[in-house]
Amino acid sequence: MRRPGTPGLLRGRDFRLLFGGSVVSGLGDWLDQVALLVLVTTVWHGGAGGLALIVSAAMLPLLAGPFLAVLTDRRPSRQTLLLTDGAQAVLTLGLVVAPGTYWAAALILARSTLGSVSNIAGQIQLRATVEPRDIPSATVLLQTAMQSVKILGPALGGLLVVFLSPRAIFAMNAFTFLFAVMCAWALRSTSRPSVKNGTNYFTELREGFSHVFGSRVLRSLLFVMCCLMFVVFLYDSMAALIVPALGMGPSYIGYMVSAVGVGGVVGSLLMGKLVARVKPFVTMAWSILIIGCIIASIGISIVREMRIDAAVWLCAIFLLGVASAGILVTFPSVVHAETPVELTGRVWALMSSVPALLNVLAPPLAAFFVTWFGIGPLLLAAGAALLLTATAVRARLGDVPRVAGHDETGTQDATPEPATAPGAPTTPSSAQDAPADPVAESGHEHAGTTSPLPAPDRGEHPPAVVRDTGRPTGAAPHTPGAPRRGPVVPRGRRAEFPKEDSMSEKIDKLAAAGFVVTEANAAQQEVLKSLSDEEIGVLLSVKSRVEAAGSDVEGHVVSDPSGGYLW
């Protein structure tokens, strides 16, 4: 079986497109953020009120995530990405001609709403693009890229502001959204809408809440993230006060942001080795413990007025970034592992929006605390809260098993078919020898004829079935009753089994052979993804023989599209 990992994921065409669109769009967002801050403060002279208005406009749509997710789950993810990214490009161009803060805030509010929908659709598309066993590896890769963009984006934005006007940078960001649109347009896979007969909006909304609060793992994860993000934002919002309190100049604010970003990249790469080997809540507990110790140490240093070299604090902040990756990688891996595909949008939005609400409430409380007690006691209280949270997570949730789909070495859980001893007969009724029926596995009914073609939707005419012997052209037929020999393995060595293609690689292979798979509906694409490598080989063999027959045997495409994309 194929061993999952980052290089294997990048070989998949659809994942490369999804990854590229996310990274380029994320970089544009950072450029946009720097330009917007400069425009509001130095050009429009909006002051603190203008900044608060812009930040509120960007944050408020996060609270509507669970309600927007119901509608997002009803539509194919590829279509949603196309519409939302295209609309965000238009709204970003609107910032180029915005006359003032209020117009900009209105555009930011609309764009952030569409951005929330786009983020939800992106998580759904990830489930449609990547096999479940590869979700942790995909999360590691995406998180590493986002942390890298977090370092590059602000620095590049600050450099561009020196040479270009903020409005020119908005135009550049609009082109990054258009790039994301092109990536979404080229995707071949998409999600299957979750619309059910007899259900309404509120029933579907309740399904998402019921799944989260009915699952011990998700319910616990949501509670941990709420506590963690609230405490983190207590001190993170006061970062500008922490740096001078440590005796460092204002320039060290930028150095600390860079140190956190570099630590996040290193931590994400490290998590690529650990995510499959360590229990998720154990990883989170250790990460929170490390962060709590660092924050408490900074608080003690400020309270006691200790002066420590700035390089020491930069190293500590770097370690804080490394530890944060343990949380940022574990969170999405657990959410996807515990969520059915059809509920991905609603569950992801709920798990993300509730902590976001606490992020809005934390800064005012932190400001009140600092006014009365000072920045040092705030850090001491935050560090103590984090240490308490880490202890509770380890004690109460340490028994939650590892993310499914990996073994102890970080590779895919798979028990390969044992090699058949020479001369040992195999019965046709054996489950291992029986050919896989993708139609039956997909839940569609069939009339007893195994075919590599996807089953038609109900109410449509079935496609023409080209019968085949079930083996590639040129393969010797198997004589009934004759023994089947497995691979001959030298004594002391493990059997080596052929690598199996991922779902996106299977779609790519069919498309490369001339199959117009983009015309398949979501249900049919799911069937195609479930085909084994042997069944893919049968399809390619049948197609080559049909084409070789020329005018004698023709595959027909009629007005009914069901199955017509195969020939």
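Residues numbered from 1 in each chain as written. Predicted model: local features only at pLDDT ≥ 70, side-chain atom pairs only at ≥ 80, totals over all residues. Heavy atoms only, no water.

Chemist: Break down the packing of helix H15 (residues 344-373) against helix H16 (residues 375-397) for me, citing the residues and quoting the values.
Modeler: Where H15 meets H16, the axes come as close as 7 Å, and the angle between the chain directions of the two elements is 125 degrees. When the interaxial angle is binned, H15 and H16 end up oblique. Along the contact surface, H15 presents Ala-366, Phe-369, Val-370 and Phe-373, while H16 presents Ile-375, Pro-377, Leu-378 and Ala-381. Among the residues making up the contact of H15 with H16, the classes are represented as 8 nonpolar, no polar and no charged. (Axes fitted to C-alpha atoms, helices over the stretch in contact; angles between N-to-C directions. Helix = DSSP H or I, 4+ residues; strand = E, 2+ residues; numbered from the N terminus. Parallel < 35°, antiparallel > 145°, perpendicular 65-115°, else oblique. Contact = heavy atoms within 4.5 Å. Nonpolar A, V, L, I, M, F, W, Y, C, P; charged D, E, K, R; others polar.)

Chemist: Would you mind going over the nonpolar core in detail, with residue names and values included?
Modeler: Residues Leu-221, Ile-298 and Met-351 are the most contacted members of the largest nonpolar core, which totals 56 residues. Every element with two or more residues in this core is listed here: helix H10 (216-236), helix H11 (239-245), helix H12 (251-274), helix H13 (280-303), helix H14 (310-337), H15 and H16. The element best represented in this core is H10, accounting for 12 residues. Setting aside anything within four residues of it in sequence, one finds Leu-221 in contact with Phe-281, Met-284, Phe-331, Val-334, Val-335 and Met-351. Counting 20 residues, the second-largest nonpolar core is a separate cluster that includes Leu-17, Ala-121, Ala-138 and Ala-145. (Core = buried A, V, L, I, M, F, W, Y, C linked by side-chain atoms within 4.5 Å. Buried < 20%, exposed > 50% of the residue type's maximum accessible area, 1.4 Å probe, protein only.)

Chemist: Quick one: what's the story with the pattern of salt bridges, residue by residue and with numbers?
Modeler: Applying the stated criterion across every chain yields a total of 7 salt bridges. Residue Glu-204 pairs with Arg-74 through a salt bridge whose shortest N-O separation is 3.1 Å. Placement of Glu-204 in helix H9 (residues 201-214) and of Arg-74 in the loop between helix H4 (65-73) and helix H5 (77-96) is noted, with a sequence separation of 130 residues between them. Put simply, Asp-73, Glu-207 and Arg-346 are held in one network by salt bridges that share partners. (Salt bridge = Lys/Arg side-chain N within 4 Å of Asp/Glu carboxyl O.)

Chemist: Which residues make up the packing of aromatic side chains, and what values do they have?
Modeler: Going through the model one piece at a time under the given rule, you end up with 6 aromatic pairs. Centroid distance Phe-15 to Phe-19: 6.1 Å. Interplanar angle 25 degrees. Geometry classified as stacked. Here Phe-19 and Phe-15 lie together in helix H2 (residues 13-43), a separation of 4 residues that amounts to about one turn. The same class applies to Phe-15 as to Phe-19, namely buried. With 5.3 Å between their ring centres and 90 degrees between their planes, Tyr-201 and Phe-202 make a pair best called edge-to-face. Overall, the relative accessible area of 58% leaves Phe-202 in the exposed class. (Phe/Tyr/Trp six-rings, centres within 6.5 Å; stacked < 30°, edge-to-face > 60°.)

Chemist: An account of the side chain of Ser-116 is requested, with residue identities and associated values reported.
Modeler: Inspection of the secondary structure assignment puts Ser-116 in helix H6 (residues 101-129). Looking at Ser-116, the relative accessible area reads 8%, which means it is buried. Apart from residues lying up to four places away in sequence, Ser-116 is in contact with Pro-61 and Leu-62.

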